[in-house]
Amino acid sequence: MAQGRRPEHDREQILEKGMQLFNKLGYHGTGLTAILKACRVSKGSFYNFFGSKEEFAVEMIEHYHSIECQRWDTEYAKLDYPQLEKMRIQLENEINKFESEDDNFGCLIANLSGELGNASPALKEAIRHSTAYVLESIEQDFKQCQLDGSVRNDLTPKQLAHLFWDSWQGALLRMKVDSSTAPLHELVNLYWNHILLPHKEK
């Protein structure tokens, strides 16, 4: 009687292990041998799921994007506050999540963006697609904030979204270098107490 495939061998399990390794060691620092060992699969089993390490990385980015967006949307929907306050609370919750982790590896997409900016078209497109989705979501949030008058309107929602996202990515890198979430706290305080506020009429 043939035995069923062990849970460790399914596609999602391999993707989950891959996310952990890539977030800790990076794409180039994670060899196929390390992936196989962590997932307890043979090379043949791995290639039954993924045609190459690059194909695996693309699917892993898509998997990470999917579960993180679902987590974010679920947590965000539970907050019953004005839009701008909801955004701040959600970001502070995200920082608290980083603080609860043993190592501040940050955001996988942000980490891979810096490493794979000049990588293959397939990897660049996977990262670009994930980033574009997040930027669109932030833009819609700021658009709503401008409609209720809580955010400055001399910049477009798109400009504000790109400005904040680029600042957040830089703060994530500083978090890794400093082994501290202080850069993220400083960024949120600066934006919510100064940069985003409507200009007062003189």
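Cut-offs applied
Residues numbered from 1 in each chain as written. Predicted model: local features only at pLDDT ≥ 70, side-chain atom pairs only at ≥ 80, totals over all residues. Heavy atoms only, no water. pLDDT = per-residue confidence, 0-100. Helix = DSSP H or I, 4+ residues; strand = E, 2+ residues; numbered from the N terminus. Contact = heavy atoms within 4.5 Å. Core = buried A, V, L, I, M, F, W, Y, C linked by side-chain atoms within 4.5 Å. Buried < 20%, exposed > 50% of the residue type's maximum accessible area, 1.4 Å probe, protein only. Axes fitted to C-alpha atoms, helices over the stretch in contact; angles between N-to-C directions. Nonpolar A, V, L, I, M, F, W, Y, C, P; charged D, E, K, R; others polar. Lys, Arg positive; Asp, Glu negative; His and termini not counted. Salt bridge = Lys/Arg side-chain N within 4 Å of Asp/Glu carboxyl O.

Thoughts on the confidence of the model for the protein chain
So, point 1. Within the protein chain, residue pLDDT values average 88, and 92% of them lie at 70 or more.
So, point 2. Confidence, read as mean pLDDT per element, is least for helix 6 (residues 108-115) in the protein chain (79) and greatest for helix 9 (residues 182-195) (97).
So, point 3. Across residues 1-9, where pLDDT falls below 50, the model places 14 contacts with residues more than four positions away in sequence or in other chains.

Section: the nonpolar core
So, point 1. By size, the foremost hydrophobic cluster in this structure holds 56 residues, and its most contacted members are Phe22, Phe46, Phe142, Trp168 and Trp192.
So, point 2. It is helix 8 (residues 157-178) that provides the largest number of residues to this core, a total of eight residues.
So, point 3. In contact with Phe46, other than residues within four places in its own chain, are Ile14, Leu32, Ile35, Leu36, Val41, Ser52 and Phe56.

As for the packing of helix 4 (residues 53-77) against helix 6
So, point 1. Viewed as axis vectors pointing N to C, helix 4 and helix 6 meet at an angle of 145°, and their least axial separation amounts to 10 Å. For the pair helix 4 and helix 6, the contacting residues are Met60, Ile61 and Tyr64 in the first and Leu108, Ile109 and Leu112 in the second.
So, point 2. Among the residues making up the contact of helix 4 with helix 6, the classes are represented as six nonpolar, no polar and no charged.

Considerations on the side chain of Lys86
So, point 1. With respect to the element layout, Lys86 can be found in helix 5 (residues 83-100).
So, point 2. Buried charged residue Lys86 carries no salt bridge. Nearest counter-charge: Asp80, at 7.1 Å.
So, point 3. Sequence-distant contacts of Lys86, defined by excluding residues within four places in its chain, comprise Tyr76, Leu79 and Tyr81.

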